[in-house]
Amino acid sequence: MNLATIQHILPQFGIDPAHAEINPLGNGLINHTYKITDHLRHINIVLQVVNTAVFHQPEDIQHNYLIVRNYLAQTGSTIALPRPLLTTKGEMGYTDDENRFWRGFEFIENTYSPDLAHNTQLAYTAARCFGQFTHELNGSNIHLLREILPRFHDLGYRFEQFEEAILNAVPDRKIRAEELVDGLLKKAYILSFFNSILQNPDYRIRVMHHDTKVSNILFNKDSNEVVCPVDMDTVMPGRFYSDIGDMIRTMTCSVDENSTDFNAIHIRKEYYKAILNGYLHEMAHSFTVEEMRHIHYSGLIMIYQQALRFMTDFLKGDVYYRTRYPDHNLDRARNQFCLLESLEQFLKEEYNFPVRIPAQNTVVPG
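Residues numbered from 1 in each chain as written. Predicted model: local features only at pLDDT ≥ 70, side-chain atom pairs only at ≥ 80, totals over all residues. Heavy atoms only, no water.

Q: Before we move on, could you go through the overall build of the chain and cite the residues and values that matter?
A: Helix and strand content of the chain: 12 helices and 11 strands. Against the compact-globule benchmark of 21 Å for 366 residues, the chain has a radius of gyration of 21 Å, which places it among compact chains. A principal-axis box enclosing the C-alpha atoms of the chain has dimensions of 65 × 50 × 35 Å. For the chain, with 366 residues in total, the buried portion stands at 52%. A total of about 17,400 Å² of accessible surface is found on the chain, and carbon and sulfur atoms cover 49% of it. On the chain, the mean spot of the 34 positive side-chain charges and the mean spot of the 45 negative ones are 2 Å from each other. (Helix = DSSP H or I, 4+ residues; strand = E, 2+ residues; numbered from the N terminus. Rg over C-alpha atoms; globule rule 2.2 N^0.38 Å. Buried < 20%, exposed > 50% of the residue type's maximum accessible area, 1.4 Å probe, protein only. Areas by Shrake-Rupley, 256 points an atom, 1.4 Å probe, with all protein chains shown as cover. Lys, Arg positive; Asp, Glu negative; His and termini not counted. Charge placed at Lys NZ, Arg CZ, Asp CG, Glu CD.)

Given below as structure tokens:
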């Protein structure tokens, strides 16, 4: 985003561009975020332009944010989310001539967000933070929230897309991916479990964050204690596996999801246990018996889903994810497949986890 465009937007939030300093903030891949210093009023704010190609109804994001923030404030939660800023017209955001949606928040001073969970203590802290977020929203009215990204963590939907991509695949890509496609099809026991929970009231619909990166948590610079989770764009109704499963997928792997050193890919068991312990420290009393019994399916579901998504995009000719070379998505899918198999082996050894379709009410030890 060029400087002139941002300067043009500032008056909509009551800021004189002549007295404003603009600096990029964070490394977001979807939205562009800036720290604005208003030297006239001696304040800092966060200004963000929402990617409407991804979020078609940005007003729904703002709606959910207010519902969640107000509920937490009314219940005396220690989670104090940043205050949203209104435009000069008293609105929650501003849509410019290019149909870009801009919004503002108070800037929380003396805070930082780490890029990665560099140690198990940070993984534990992140998991506990996101667990507390969902736990403290248990009493809220889930029906007031809007679905921001329909079927976002719906494994059945991702599998349907995968099957369709196989049928309509670019021919040469289908040949190159044949072995891995077969391997992914053989992991459909995970889909069978997923389908079994959809109409089961023991697997409740809850308020989930859906983007549980450690970089989406603010920490105090002096104490290193958690201030609050941020980036609420995907906060919406979801099920038990989403947040903990995505943390397992992104924090426990020994390498990055773009790595092609497939032999080096494995689950770091100390990170897995740190995430599990941190999340359950907050959520153990909120989960149902069935959710607790099948908690280990969380990582399997989210890793399998991401492998399917990478493979689907490869078969379709790389239409969604940005790639750096022709087989990038194929390598990403193989990376996630290796991670999935490593997780299966780890769960079998550590928790006596049966890699099969569980019968109804079957207990998964651990």
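Q: I'd love a proper account of the environment of N64, names of residues and values included.
A: Within the secondary structure, N64 sits in helix α2 (residues 58–74). When the C-alpha positions of N64 and M232 are compared, they lie 8.4 Å apart, and in sequence the two are 168 residues distant. In contact with N64, not counting residues within four places along its chain, are L144, L145, R146, I148, V235 and M236. In this structure the side chain of N64 is engaged in a polar contact, spanning 3.0 Å, whose partner is the backbone oxygen of V235. (Contact = heavy atoms within 4.5 Å. Polar contact = N/O pair within 3.5 Å; in protein donor to acceptor, adjacent residues only side chain to side chain.)

Q: Summarise the side chain of D233; cite the residues concerned and give the values.
A: Secondary-structure assignment places D233 in the loop between β10 (226–229) and β11 (236–238). Looking at D233, the relative accessible area reads 4%, which means it is buried. There is a polar contact of 2.4 Å between the side chain of D233 and the side chain of R103. Once you skip the residues sitting within four places of it in the chain, D233 turns out to touch N31, Q48, F55, I61, R103 and I148.

Q: Residue-level account of unusual backbone geometry, with values.
A: A positive phi angle, near 60°, is found at R151, a position not held by glycine. Residue placement: R151 occurs in the loop between α3 (120–136) and α4 (155–167). Judged by relative accessible area, R151 falls into the partly exposed class, the value being 36%.

Q: Lay out the packing of aromatic side chains in plain terms, naming residues and giving numbers.
A: Tallying each qualifying case throughout the model produces 16 aromatic pairs. Plain terms: the ring middles of F193 and Y203 are 6.3 Å apart, the flat faces sit at 90° to each other, and that makes the pair edge-to-face. Taken together, the positions of F193 in helix α7 (residues 189–197) and Y203 in the loop between α7 and β8 (206–208) put the pair 10 residues apart, joining distant regions of the chain. For the pair shown, F193 and Y203 are each scored as buried. (Phe/Tyr/Trp six-rings, centres within 6.5 Å; stacked < 30°, edge-to-face > 60°.)

Q: Go over the sheet that holds strand β7 (residues 111–112) with me, naming the residues and quoting the values.
A: A sheet is described by the order of its strands in space; here three strands give the open sequence β7-β9-β10, paired in antiparallel fashion. This sheet does not close on itself; its edge strands, each paired only once, are β7 and β10. (Pairing = 2+ DSSP bridges.)

Q: Summarise the pattern of salt bridges; cite the residues concerned and give the values.
A: Summed over all chains, the structure comprises 21 salt bridges. Among the salt bridges present, the one from R151 reaches E160, with a minimum N-O distance of 4.0 Å. We note a salt bridge from K187 to E344, for which the minimum N-O separation is 2.7 Å. Within this pair, whereas K187 is found in the loop between α6 (178–185) and α7, its partner E344 is found in helix α12 (residues 328–351), the two being separated by 157 residues in sequence. Take K187: its relative accessible area is 10%, and that puts it in the buried class. Through salt bridges with shared partners, a single network forms among R151, D154 and E160. (Salt bridge = Lys/Arg side-chain N within 4 Å of Asp/Glu carboxyl O.)

Q: Summarise the state of the cysteines; cite the residues concerned and give the values.
A: Counted by the stated rule, this structure contains zero disulfides. Of the cysteine sulfurs around C228, a residue in no disulfide, the closest is that of C129, at 7.7 Å. (Disulfide = S-S within 2.5 Å.)

Q: Any details on α6? Residues and values, ideally.
A: L180, V181, G183 and L184 are the residues of α6 that are buried. Mapping the buried residues of α6 onto a view down its axis gives an arc of 160°, with all of them on the same face. Opposite the buried face of α6, at more than 90 degrees from it, the exposed residues are E178 and E179. Each element contacted by the buried residues of α6 is listed here: α4, α11 (297–316) and α12. (Arc of directions from axis to C-beta.)

Q: Explain the layout of surface pockets to me, using residue names and the numbers behind them.
A: Here the second largest pocket defines a volume of roughly 250 Å³. Around the second largest pocket sit 16 residues that line it, and E147, R151, P237, G238 and R239 are the ones nearest its centre. Only β11 and α8 (241–251) provide two or more residues apiece to the lining of the second largest pocket. With three residues, β11 is the largest single contributor of residues to the lining of the second largest pocket. (1 Å grid on protein atoms, 1.4 Å probe; cavity = no way out; pocket = protein on both sides within 12 Å on 5 of 7 lines; lining within 4 Å. Points joined across faces, edges and corners; volume = space filled by probe spheres on them.)

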